[in-house]
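A structural walkthrough
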Amino acid sequence: MSHVAPEEITEFSFLAGQARALGAEVPPVRRLSLPLPDGRTLSALRFGDEPVEVTLLHGAGLNAHTWDTTVLALGRPALVLDLAGHGDSSWREDADYTGRTLAADVVEALHAWADRPQVLVGQSLGGLTAAAVAARAPELVRELIVVDITPGVDQSGGPAALREFYRVVDAASRDDLVDRAQQFGFGGSREDTARGVFLNTRVRADGRVEWKHHFAHIAARLLEAPPAGSPSSAPSPTILGEHGWADLDAVAAPITLVRAGRGFVSDRAEQEFRTRLPGARVLHLVGNHNLQETAPAALAEIIRTAADSTGP
């Protein structure tokens, strides 16, 4: 990308290079916007012109573009959402980002943009959201794929790492944020991480670079205890919720858990998942928590197999 001047870079500028690396084609892609009943807006990317059969939901602090390489490797029409508080979607004033709350937006999106039940794929927070969607609106989901998350993952220390990562709201440059992301083990190669940081940040009027997602702007205030006797003036972000297992238990569609070798799901959490959901599949891939970035081709193959076996 060195031949492209910074002012010429758009959110789609990286796709050609990613596709070449995969030996894939770049499909038609466009950004969609959906007004929601409460006045917020939900944003998404639409890959391909044919009816979508796969919908993908990202994790906390990410956005739809985290799935770009996986979608290119998949080679199928896909709908990729920016969850509330992320990417180009509106933030929630109540900072409620639990799966059940986010699921309401996803249901609206599927009614608006999909004409058939989906292979619904969710990574991390997106996985809990996908489970809530499948439980709430089973007619919209023909298979559920949950990537490196279970409702018991809080015991593995992953969310604590995320909270610490979000403590830093801004930086002098995108390179500084790339360094921090790699220190925490998020993203793949430095080039891949730099692309992700570019797509998940904006430059303020003062020249500093800040994260676009809501979490980074409230995490520091959450982590700093307010003065004794004083309520915090900022809402606390609610992410994990308390209904994950109930949602998964209610899912009628086939369920697959894809666990990352260096991810957030511990052996104990995987065993709990197997015990509670004996009919579900569990697959392992080599990579970190963001498998859509560190093992995109392998993850795409799992999604493709699901689409082929459960097609309309």
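An account of the accompanying structure is given in this report.

Basis of the calculations
- Residues numbered from 1 in each chain as written.
- Predicted model: local features only at pLDDT ≥ 70, side-chain atom pairs only at ≥ 80, totals over all residues.
- Heavy atoms only, no water.
- Helix = DSSP H or I, 4+ residues; strand = E, 2+ residues; numbered from the N terminus.
- Buried < 20%, exposed > 50% of the residue type's maximum accessible area, 1.4 Å probe, protein only.
- Salt bridge = Lys/Arg side-chain N within 4 Å of Asp/Glu carboxyl O.
- Pairing = 2+ DSSP bridges.
- Contact = heavy atoms within 4.5 Å.
- Axes fitted to C-alpha atoms, helices over the stretch in contact; angles between N-to-C directions.
- Phe/Tyr/Trp six-rings, centres within 6.5 Å; stacked < 30°, edge-to-face > 60°.

**Comments concerning the side chain of Glu270**
In this structure, Glu270 sits in helix H10 (residues 267–276). Among the residues examined, Glu270 registers a relative accessible area of 8% and is labelled buried.

**Focus on the pattern of salt bridges**
The full count for this structure, using the stated rule, is 25 salt bridges. Residues Asp88 and Arg31 are paired through a salt bridge, measuring 3.3 Å at the closest nitrogen-oxygen approach. You can see Asp88 sitting in the loop between strand E4 (78–82) and helix H3 (99–113) and its partner Arg31 sitting in strand E1 (residues 29–35), a full 57 residues away along the chain. Note on Asp88: relative accessible area 39%, which makes it partly exposed. Looking at Arg31, the relative accessible area reads 26%, which means it is partly exposed. Where Glu270 meets Arg259, a salt bridge forms, and the shortest distance between an N and an O atom there is 2.6 Å. One end of the pair, Glu270, is in helix H10; the other, Arg259, is in strand E10 (residues 255–262), and 11 residues separate them in sequence. Considered together, Glu270 and Arg259 belong to a single accessibility category, that of buried residues. Linked through salt bridges whose partners overlap, the residues forming this network are Asp170, Arg202, Arg204, Asp206, Arg208 and Glu210.

**Describing the sheet that holds strand E8 (residues 201–203)**
Judged by pairing direction, the sheet is antiparallel, and its 3 strands sit side by side in the order E7-E9-E8 without closing on themselves. On the outer flanks of this sheet lie strand E7 (170–171) and E8, each paired with one strand and no other. When E7 meets strand E9 (residues 209–211), the two strands line up antiparallel, connected through 2 bridges. The residue of E9 that forms the bridge with Asp170 is Glu210. Against the sheet, helix H6 (residues 174–183) engages E7, E8 and E9, with an angle of about 155° to E8.

**Describing the packing of aromatic side chains**
Counted according to the given criterion, the structure contains 5 aromatic pairs. Judged by centre distance (5.4 Å) and plane angle (65°), the rings of Phe14 and Phe198 are edge-to-face. Pair noted here: Phe14 is in the segment before helix H1 (15–22) and Phe198 is in helix H7 (residues 190–199), with a separation of 184 residues, a long-range link.

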